[in-house]
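For reference, the chains in residue letters:
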Amino acid sequence: MKVVAINGSPKQNGNTYTTLNEIGKTVINENIDFEIIHIGAKDIKGCMGCGKCYKNKDEKCVINTDILNDLLPVIKEADGIILGSPVYYSGIAGTMKCFLDRMFYTSDSNGNWFRHKIGASVVVARRSGGTMAFNALNHYLQISEMIIPSSNYWNIVHGAKPGEVLQDEEGIQTMHVLGKNIAWLLQSINNYELKNIKPEKEQKIKTNFIR
């Protein structure tokens, strides 16, 4: 089993990385592989809404000038995915949003790879705006039928300078508890799937508000 964490911070070794790494230590301790993928400093374009990924169904985004398509197979194969972002103006980092919009839409257009995988979100804030950014990340997980583990508080840690999040004792404990719950859920689901018992997938019904 493997968990992949996506680091949406422009800073490769900043507080978002430190936070994800703390979760990773707990996950690895439970004999589950863990990897952090840093995308926050890359030049990643936003979704054009062209719908080509849905039309082509080739498991790729039509934009091929950045790293997204190279990373999609790695993320698709993961058993658990953690989304990590700093808080910018009470929202997630812009590059992170561009990446997630295209990643999740490509997944949805090709059969929803993330259905019933473990999905968790964590955000790092200097002071406030954390809950709004946290909610924004969770929207991706919830619409994809992902299984979201909880912790003993919302997954928000505080710090400004690199490494300061380690001084947020409650926040770091929240990450460790999250890591334990991710590992427990993965192990439980793995045992459950051995029985070949899974909820039947329903065909998505799409409507809008003008008809």
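Before going into details, it helps to say that this report is about the structure given with it. These numbers were taken from a predicted model, which means no experiment stands behind them.

## Focus: the side chain of Asn69
Here comes step 1: Along the chain, Asn69 turns up in helix 3 (residues 68–77).
Here comes step 2: Residue classification places Asn69 among the buried positions, given a relative accessible area of 17%.
Here comes step 3: Look past the residues within four positions of Asn69 in its chain and what remains in contact with it is Lys60, Cys61, Ile63 and Asn64.

## Brief notes about unusual backbone geometry
Here comes step 1: In this model, Asn31 sits at a positive phi of 65°, which is unusual for a non-glycine residue.
Here comes step 2: Mapped onto the elements of the fold, Asn31 is located in the loop between helix 1 (15–29) and strand 2 (33–38).
Here comes step 3: Judged by relative accessible area, Asn31 falls into the exposed class, the value being 73%.

## Some points on the pattern of salt bridges
Here comes step 1: A full pass over the atoms with the stated rule returns six salt bridges.
Here comes step 2: A salt bridge links Lys97 to Asp101; its shortest N-O distance comes to 3.2 Å. Separated by four residues within a single helix, Lys97 and Asp101 lie in helix 4 (residues 94–109), roughly one turn from each other.
Here comes step 3: The class of Lys97 is partly exposed, set by a relative accessible area of 41%.
Here comes step 4: On the accessibility criterion, Asp101 (26% relative accessible area) is partly exposed.
Here comes step 5: Arg115 serves as the salt-bridge partner of Glu145, at 3.2 Å between the closest nitrogen and oxygen. You can see Glu145 sitting in the loop between helix 5 (130–143) and strand 6 (156–158) and its partner Arg115 sitting in the loop between helix 4 and strand 5 (118–125), a full 30 residues away along the chain.
Here comes step 6: Judged by its relative accessible area of 15%, Arg115 is buried.

## Considering the packing of aromatic side chains
Aromatic rings considered in pairs are described by the distance between their centres and by the relative angle of their planes.
Here comes step 1: Taken as a whole and judged by the stated rule, the model has four aromatic pairs.
Here comes step 2: Pairing Phe104 with Tyr140 gives two aromatic rings, centres 5.3 Å apart and planes at 35°, and the pair type is tilted. Of the two residues, Phe104 sits in helix 4 while Tyr140 sits in helix 5, which places them 36 residues apart along the sequence.
Here comes step 3: Among the residues examined, Phe104 registers a relative accessible area of 7% and is labelled buried.
Here comes step 4: With a centroid separation of 4.9 Å and an interplanar angle of 70°, the aromatic rings of Tyr153 and Trp154 are classed as edge-to-face.

Definitions and limits used
- Residues numbered from 1 in each chain as written.
- Predicted model: local features only at pLDDT ≥ 70, side-chain atom pairs only at ≥ 80, totals over all residues.
- Heavy atoms only, no water.
- Helix = DSSP H or I, 4+ residues; strand = E, 2+ residues; numbered from the N terminus.
- Buried < 20%, exposed > 50% of the residue type's maximum accessible area, 1.4 Å probe, protein only.
- Contact = heavy atoms within 4.5 Å.
- Salt bridge = Lys/Arg side-chain N within 4 Å of Asp/Glu carboxyl O.
- Phe/Tyr/Trp six-rings, centres within 6.5 Å; stacked < 30°, edge-to-face > 60°.

Geometric values such as these leave the question of function open.
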